[in-house]
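This is what each chain is made of:
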Amino acid sequence: MLFKLTTLSALVVAAAAQVTLTPSANAGLCLTATANSDGAAVDIETCAGRPEQVWQFDKNAGNNGGPVSTFDGSKCLDVTNGDDENGTLVQVWDCVPGN
């Protein structure tokens, strides 16, 4: 399932900066990693509280950005091929310090 996102919202679900990411037009949908493996697609699916729908922002990065991870921090949200063009698909990949 492929959706074009214009805005994502974060709903805090725990004090440890864990959130679900939802399109602003439909809070019943969540950003979902399709697998816990490098290159796995990230889809928008019905929110069900599954681990692959929980994302964590690096609280040590402050306002400087930083990784957005899932699967207990083992996989990070990654832009496919490092492409920064609008409409580029995202995937999950091993979290790499400084990346």
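Residues numbered from 1 in each chain as written. Predicted model: local features only at pLDDT ≥ 70, side-chain atom pairs only at ≥ 80, totals over all residues. Heavy atoms only, no water.

Enquirer: Sorry if this is basic, but what is going on with the confidence of the model for the protein chain here?
Expert: Low pLDDT means the predicted coordinates in that region are not meant to be read closely. For the protein chain, per-residue confidence averages 78 on the pLDDT scale, and residues scoring 70 or more make up 74% of the total. Highest mean pLDDT in the protein chain belongs to strand E4 (residues 42-46) (94); lowest belongs to strand E1 (residues 8-12) (44). When the criterion is pLDDT under 50, residues 1-16 qualifies, and its contacts beyond four places in sequence or with other chains add up to 27 contacts. (pLDDT = per-residue confidence, 0-100. Helix = DSSP H or I, 4+ residues; strand = E, 2+ residues; numbered from the N terminus. Contact = heavy atoms within 4.5 Å.)

Enquirer: So what exactly am I meant to see when it comes to the side chain of Gln-91 here?
Expert: Secondary-structure assignment places Gln-91 in strand E8 (residues 90-94). Its relative accessible area of 11% is what places Gln-91 among the buried residues. At a separation of 2.7 Å, a polar atom in the side chain of Gln-91 contacts the side chain of Asp-78. In this structure Gln-91 touches Gly-39, Ala-40, Val-42, Cys-76, Leu-77, Asp-78, Val-79 and Thr-80, once residues within four positions along its chain are discounted. (Buried < 20%, exposed > 50% of the residue type's maximum accessible area, 1.4 Å probe, protein only. Polar contact = N/O pair within 3.5 Å; in protein donor to acceptor, adjacent residues only side chain to side chain.)

Enquirer: Would you explain the state of the cysteines in this entry?
Expert: Here, disulfide denotes a covalent bond that connects the sulfur atoms of two cysteines. Counting across every chain of the model gives two disulfides. Here Cys-30 engages in a disulfide with Cys-47; their sulfurs sit 1.9 Å apart. When the S-S torsion is 100°, as for the bridge of Cys-30 with Cys-47, the disulfide is right-handed. With Cys-30 in strand E3 (residues 29-33) and Cys-47 in the loop between E4 and strand E5 (55-57), this pair connects stretches of sequence that are 17 residues apart. Judged by its relative accessible area of 29%, Cys-47 is partly exposed. In this model Cys-76 forms its disulfide with Cys-95; the gap between the sulfur atoms is 2.0 Å. Because the sign of the S-S torsion sets the handedness, a value of about 110° for the bond joining Cys-76 and Cys-95 places this disulfide among the right-handed ones. (Disulfide = S-S within 2.5 Å.)

Enquirer: Could you clarify how one ought to interpret unusual backbone geometry in this entry?
Expert: For residues other than glycine, phi is negative in most cases, and the peptide bonds are mostly trans. Positive phi values are uncommon outside glycine, yet Phe-71 reaches one of about 50°. For Phe-71, the position within the fold is in the loop between strand E6 (68-70) and strand E7 (75-79). One non-glycine residue, Asp-72, lies in the positive phi region at around 55°. Under the relative-accessibility criterion, Asp-72 is labelled exposed at 81%.

Enquirer: Would you mind showing me how to read the nonpolar core here?
Expert: If you look at the biggest cluster of nonpolar residues, it comprises twelve residues: Val-19, Leu-21, Leu-29, Leu-31, Ala-33, Ala-40, Val-42, Ile-44, Trp-55, Val-68, Phe-71 and Val-92. Residue assignment for this core shows that the elements contributing at least two residues are strand E2 (18-23), E3 and E4. Examining the composition of this core, we find that three residues originate from one element, E3, more than from any other. (Core = buried A, V, L, I, M, F, W, Y, C linked by side-chain atoms within 4.5 Å.)

Enquirer: So what exactly am I meant to see when it comes to the environment of Gln-56 here?
Expert: Along the chain, the position of Gln-56 falls in strand E5. Gln-56 sits 15 residues away from Phe-71 along the chain, and the two C-alpha atoms are 9.2 Å apart.

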